[in-house]
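Secondary and tertiary structure notes
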Protein chains: 2
Amino acid sequence: MSLDYDKFVLFGDSITQYGSNETRGYSIQPALQELYVRKLDVLNRGFSGYNSRHGRIILPKIIEAENTKSTRVKLMTIFWGTNDAVETFQHVDIKEYEQNIDFMIKLAKSNDIKVIVLGPALHDDYTYTKRYEQGLVVFPDTAKNSVNGEYSEVAKKVATQNCVPFVDLWTLFLEYGGWKNGIDPDLINAKDYPKIKELLVDGVHFNPQGYRIVFDGIQKAIKTYYPDLYYEKVPDHLPLWRSLIDKELDDEELEEFLLTSKLHQTVTK
Amino acid sequence: MSLDYDKFVLFGDSITQYGSNETRGYSIQPALQELYVRKLDVLNRGFSGYNSRHGRIILPKIIEAENTKSTRVKLMTIFWGTNDAVETFQHVDIKEYEQNIDFMIKLAKSNDIKVIVLGPALHDDYTYTKRYEQGLVVFPDTAKNSVNGEYSEVAKKVATQNCVPFVDLWTLFLEYGGWKNGIDPDLINAKDYPKIKELLVDGVHFNPQGYRIVFDGIQKAIKTYYPDLYYEKVPDHLPLWRSLIDKELDDEELEEFLLTSKLHQTVTK
């Protein structure tokens, strides 16, 4: 029935959760929802502060809840690692991180969900530490770009082994700043490289430019790996209004026109 | 089960559909989703070009699709009238418009959905006509602020009779521009009153300031009429991460902590 919307689930930690924040004028959930409006519901399943160990526990329940008798999760981002890589209670050993991501990819795939994996991006210790000194965050900074890079590489490896696309934010962020050649990644921070502020708002979470890189990466992954789910290929729910111009329909005919999926297919293609 | 998200459905025409557009940096679906993240999914059920006659036909199917065995539509905006009030093929007589809105409110209420009704806002014939002359829209301008006002009053009357809140965009837009006292509303357009451009992007659809007025109106309506569904009162899905600090949990205990709703309730209240 044409009013059952399938789903595009964004699954991850706070960077995913804040992906519905409009505060700074651009974020990932609305950017994707705009593309898929009338096609798929883009659902935010971000859980601030969680790591891949939590993700592994909750994913089966998320899939169970969203795959109903009549609607399915078609696409899913799996975006963990930023919390795993720090040294607070949130830390997850890189070996376990690898197993967790592998588990999540396989679980989603076995439910016929098209997966896009993302790993941790760059970090900005200068801004983070300033916020810590101001009492705005609980833990002192233990994140390092080199460690984020290791977790990112592991996520990439697991994605590749499972034949699903990986959006390499760590490298894309590096490239955005032009920092690729020979700079020690642990030296990249907002004090010496102000361009990192365009990517990161508080040292960890993303500014609009960071989410734009996420958006471009996701779009490219869908177009390349899952072309049938590229937004232009997904049919709209219900006929577009132009198909109604100059039609004189009584109530019954109108109902048939709107709700009969055969007619609907003809109209939206 | 705590990973079944209930829904906040935005139901209407193109002004609702474009309510997921991020193009101009602010829109209504992400603004509401930011508030209700981890609480309710805010779903866009906007259908560009449709009128209340179409809405009446499709609403039963939308409710049927979204009210599943385990999840419910808790809140719904019913926002029609802008297309009904014009003189193209989209026109719906004001008497039928009244019956359609009444039908939709009663249907939603009978499904235990908390309804918020919105009626047509102001129109800007100057900008619209310029776009028509440039070939950017199909029909010449037949909208009038005085007619929008009549449809708005009817929507307000039906909402009041059904004891559900009404967001009076027509009046709120007037007040925003300071045009309340004695100005013929049909004379309000972007040529003589540039402030209307802050509200309307193309004569019909909303700029961020227009959607901000929608947002404020919806928030006020929920707080006043449905305080249990005001975002601060709706529990989060899954415990907040701070409740995990300094807990040493093995895998089984962690799973119980995350997924047992009794524990979850304790943590999020």
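Residues numbered from 1 in each chain as written. Chains lettered and ligands numbered in written order. Predicted model: local features only at pLDDT ≥ 70, side-chain atom pairs only at ≥ 80, totals over all residues. Heavy atoms only, no water.

If you check an unreviewed UniProt entry, chain A appears there as DEKNAAC100147 from Brettanomyces naardenensis.

**Some points on the sheet that holds strand E3 (residues 73-79) of chain A**
All names here are of chain A. Pairing is parallel across the open sheet formed by 5 strands, whose spatial order is E2-E1-E3-E4-E5. Both edges of this open sheet fall to strand E2 (40-46) and strand E5 (166-167), since each of them pairs with a single strand only. The pairing of strand E4 (residues 114-118) with E5 spans 2 bridges and is parallel. Bridge pairing links Val117 to Phe166 in E5. In the packing of helix H2 (residues 28-36) onto the sheet, the strands contacted are strand E1 (6-12), E2 and E3, and the crossing angle to E2 comes to about 165 degrees. Here helix H8 (residues 208-225) sits on the sheet and contacts E1, E3, E4 and E5; the angle it forms with E4, its principal contact strand, is near 145 degrees. (Pairing = 2+ DSSP bridges. Helix = DSSP H or I, 4+ residues; strand = E, 2+ residues; numbered from the N terminus. Contact = heavy atoms within 4.5 Å. Axes fitted to C-alpha atoms, helices over the stretch in contact; angles between N-to-C directions.)

**Let's talk about helix H6 (residues 145-161) of chain A**
All names here are of chain A. Over its 17 residues, H6 extends 24 Å from the first C-alpha to the last, a length consistent with the 24 Å expected when each residue adds 1.5 Å. Listed in full, the buried residues belonging to H6 are Asn145, Asn148, Gly149, Tyr151, Ser152, Val154, Ala155, Val158 and Ala159. Those residues of H6 that are buried lie in contact with helix H4 (94-110), E4, E5 and helix H7 (169-177). Immediately downstream of H6, the backbone of Cys163 shows phi near 60 degrees, a positive value. (Expected span 1.5 Å × (residues − 1). Buried < 20%, exposed > 50% of the residue type's maximum accessible area, 1.4 Å probe, protein only.)

**Observations concerning the sheet that holds strand E5 (residues 166-167) of chain B**
Residue and element names in this part refer to chain B. The strand order across the open sheet formed by 5 strands is E2-E1-E3-E4-E5, and the pairing between neighbours is parallel. A strand with exactly one partner marks an edge of an open sheet, and here the two such strands are strand E2 (40-46) and E5. For strand E1 (residues 6-12) and E2, the ladder comprises 7 bridges, and the chain directions are parallel. The partner of Phe11 across the bridge, within E2, is Arg45.

**Regarding the domain arrangement of chain A**
You'll often see interface size given as the accessible area lost when the parts meet. The assigned domain composition of chain A is domain 1 (6-237) and domain 2 (239-269). Just the C-alpha atoms count here: the centres of domain 1 of chain A and domain 2 of chain A sit 40 Å apart. (Domains from an automatic or database assignment.)

**Topic: the relation of the copies chain A and chain B**
Screw-axis analysis of chain A against chain B gives a translation of 0.0 Å along the axis, an RMSD of 0.0 Å, and a rotation angle of 180 degrees. Here the transformation between the copies is reduced to the relation of a two-fold axis. Among all residues of chain A, the minimum C-alpha distance to the rotation axis is found for A:Gly25, at 2.1 Å. A shared binding surface is used by both copies, with 100% of the interface residues of chain A retained as interface residues in chain B. (Least-squares fit on C-alpha atoms with pLDDT ≥ 70 in both.)

**Thoughts on helix H3 (residues 52-66) of chain B**
The first and last C-alpha atoms of H3(B) sit 20 Å apart over 15 residues, in line with the 21 Å expected at 1.5 Å per residue. The largest bend along H3(B) measures about 40 degrees and falls at B:Ile58, with the proline B:Pro60 one to four residues further on. Where H3(B) is buried, its residues contact helix H9 (251-259) of chain A together with E1, E2, strand E3 (73-79) and helix H4 (94-110) of chain B. The residue sitting at the N-terminus of H3(B) and contributing the capping side-chain oxygen is B:Asn51; that oxygen lies 3.0 Å from the backbone nitrogen of B:Arg53. (Bend = angle between axes of the 7 residues up to and from the residue. Polar contact = N/O pair within 3.5 Å; in protein donor to acceptor, adjacent residues only side chain to side chain.)

**Focus: the environment of A:Val73**
Residue and element names in this part refer to chain A. Relative to the helices and strands, Val73 is located in strand E3. Spatially, the C-alpha atom of Val73 lies 29 Å from that of Asn148, the residues being 75 residues apart in sequence. Not counting residues within four places of it along the chain, the set of residues in contact with Val73 comprises Lys7, Val9, Glu66, Asn67, Asp112 and Ile113.

**A few points about the UniProt feature "domain: SGNH hydrolase-type esterase" (unreviewed entry) in chain A**
Look at the UniProt record and you will see "domain: SGNH hydrolase-type esterase" (unreviewed entry) annotated at residues 10-213 of chain A. Between the end C-alpha atoms of residues 10-213 of chain A there is a gap of 15 Å, over a span that is 42% helix and 12% strand. (UniProt positions renumbered as here; feature names shortened; annotations may be inferred.)

**Topic: the pairing of E3(B)**
Residue and element names in this part refer to chain B. For E3, the buried fraction is high: 6 of the 7 residues fall into the buried class. Two strands pair when backbone bridges link them, and E1 and E3 are joined in this way by 6 bridges, in the parallel orientation. If you follow Val9 over to E3, its bridge partner there is Met76. In terms of strand pairing, E3 meets strand E4 (residues 114-118) through 5 bridges, oriented parallel. In the strand pairing of E4, Thr77 is matched with Ile116.

**What to know about the pattern of salt bridges**
It is possible for side chains bearing opposite charge to pair when their charged atoms get close. Counted by the stated rule, this structure contains 23 salt bridges over all chains. Linking A:Arg45 and A:Glu66 is a salt bridge whose minimum nitrogen-to-oxygen distance equals 2.9 Å. One end of the pair, A:Arg45, is in strand E2; the other, A:Glu66, is in helix H3 (residues 52-66), with 21 residues separating them in the sequence. Residue A:Glu66 is classed as buried on the basis of its relative accessible area of 6%. Notably, a salt bridge pairs A:Arg45 with B:Asp41, separated by 2.7 Å at the nearest N-O pair. Taken as a pair, A:Arg45 in strand E2 and B:Asp41 in strand E2 lie in two separate chains rather than in one. Each member of the pair, A:Arg45 as well as B:Asp41, is classed as buried. A single network of salt bridges, built from pairs that share partners, joins A:Lys7, A:Arg45, A:Glu66 and B:Asp41. (Salt bridge = Lys/Arg side-chain N within 4 Å of Asp/Glu carboxyl O.)

**What to know about the environment of A:Ile245**
Note on placement: A:Ile245 falls in the loop between H8 and H9. Note on A:Ile245: relative accessible area 22%, which makes it partly exposed. Apart from residues no more than four positions distant in its own chain, A:Ile245 is found in contact with B:Phe89 and B:Phe139.

**Here's the deal with the environment of B:Asp228**
Position of B:Asp228 among the secondary structure elements: in the loop between helix H9 (208-225) and helix H10 (251-259). Not counting the four nearest positions on each side in its chain, B:Asp228 is found in contact with B:Lys233 and B:Val234.

**Some thoughts on the side chain of A:Thr82**
All names here are of chain A. On the secondary structure map, Thr82 appears in the loop between E3 and H4. Since its relative accessible area comes to 11%, Thr82 is described here as buried. Those residues in contact with Thr82 that lie beyond four places of it in its chain are Asp13, Ile15, Pro120 and Val204.

**So, the nonpolar core**
Residues A:Ile58 and B:Ile58 are the most contacted members of the largest nonpolar core, which totals 161 residues. When near neighbours in sequence (up to four residues on either side) are disregarded, A:Ile58 contacts A:Phe11, A:Phe47, A:Tyr50, B:Leu3, B:Leu238, B:Leu258 and B:Leu259. (Core = buried A, V, L, I, M, F, W, Y, C linked by side-chain atoms within 4.5 Å.)

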